[in-house]
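Reading the structure
One letter stands for each residue in the lines below.
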Amino acid sequence: MSEEESTPQAETSCRVFYDGACPLCRREIAFYRRREGETRIDWVDVSAADYRGGNGAPDPETARKRFHVVSARGELVAGGAAFAELWSMLPGFRAAGRLFRIPPFSWAVALAYRLFLPLRPALQKLAAKGE
């Protein structure tokens, strides 16, 4: 992991695991990395040759299948809950992040993410065409 890809853990509030080999994921992470507060997040590309997981992080295969975040509390969350965790760390998204942590909103974002997953391959192809 390069210095550009990660900030020192002591200064971060959460760790975001993303698939840098996925064109859709790269675009989405680039969007979040342009937002205020992004320097407090440790951005981890799970497609990097040296990524192995462990120590509370998802293994590479699991990390490529779903979006994962290790919260400021040290809890590994995936899917819709991971987005709520990320959003809660970014000032412009904080209200949405807090809202989507509580039921029934947490259930809704989890369902939306599960419905998105089958569409992901087609969206990845579209994102790749746009690069």
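Coordinates for the structure precede this section.
Residues numbered from 1 in each chain as written. Predicted model: local features only at pLDDT ≥ 70, side-chain atom pairs only at ≥ 80, totals over all residues. Heavy atoms only, no water.

Using the criterion set out here, one finds zero disulfides in the structure. Left without a disulfide partner, C14 is nearest to the cysteine sulfur of C25, which lies 16 Å away. (Disulfide = S-S within 2.5 Å.)

Looking now at the nonpolar core. Residues V16, Y32, I41, W43, F67, V69 and L86 are the most contacted members of the largest nonpolar core, which totals 18 residues. Of all the elements in the fold, those that place two or more residues in this core are strand 1 (14–18), helix 1 (23–33), strand 2 (41–45), helix 3 (80–89) and helix 5 (105–116). Here the element with the most residues in this core is helix 3; it accounts for five residues. Among residues more than four places away in sequence, those in contact with F67 are V16, F17, I29, V77, A78, G79, A82, F83, L86 and Y113. One finds F17, V44, V46 and A63 within the second-largest nonpolar core, a separate group that totals seven residues. (Core = buried A, V, L, I, M, F, W, Y, C linked by side-chain atoms within 4.5 Å. Buried < 20%, exposed > 50% of the residue type's maximum accessible area, 1.4 Å probe, protein only. Helix = DSSP H or I, 4+ residues; strand = E, 2+ residues; numbered from the N terminus. Contact = heavy atoms within 4.5 Å.)

Evaluation of the coordinates by the stated rule reveals six salt bridges. Across the pair D42 and R15 runs a salt bridge, and its minimum N-O distance is 2.9 Å. In this pair, D42 is assigned in strand 2 and R15 in strand 1, connecting sequence segments 27 residues apart. A salt bridge links E75 to R73; the nearest nitrogen and oxygen atoms lie 3.4 Å apart. The class of E75 is partly exposed, set by a relative accessible area of 41%. In the salt-bridge network here, residues are joined through shared partners; they are R73, E75, E85 and R101. (Salt bridge = Lys/Arg side-chain N within 4 Å of Asp/Glu carboxyl O.)

Attention now goes to the environment of E85. Structurally, E85 is set in helix 3. For E85, a relative accessible area of 3% gives the class buried. Between the C-alpha atoms of E85 and V16, which are 69 residues apart in sequence, the distance is 9.3 Å. If sequence neighbours within four positions are ignored, E85 has contacts with V69, S71, A72, R73, V77 and R101.

Inspection of every chain in the model, using the stated rule, returns ten aromatic pairs. Plain terms: the ring middles of Y113 and F116 are 5.8 Å apart, the flat faces sit at 40 degrees to each other, and that makes the pair tilted. In this pair, Y113 and F116 are both assigned in helix 5, three residues apart and thus about one turn of the helix distant. Looking at R35, its charged tip hangs above the ring of F31, at a distance of 4.0 Å from the centre. (Phe/Tyr/Trp six-rings, centres within 6.5 Å; stacked < 30°, edge-to-face > 60°. Lys NZ or Arg CZ within 6 Å of the ring centre and 35° of its normal.)

Listing the buried residues of helix 1 in full gives P23, C25, I29 and Y32. Residues of helix 1 that are buried in the fold lie against strand 1, strand 2, helix 3 and helix 6 (120–129).

With mixed pairing, four strands are arranged side by side in an open sheet as 2-1-3-4. Pairing within the sheet leaves two strands with one partner each, and these edge strands are strand 2 and strand 4 (76–78). Averaged over all neighbouring strand pairs, the angle between strand axes comes to 20 degrees, with direction disregarded. Here five bridges tie strand 1 to strand 2, and the two strands are oriented parallel to one another. (Pairing = 2+ DSSP bridges. Axes fitted to C-alpha atoms, helices over the stretch in contact; angles between N-to-C directions.)

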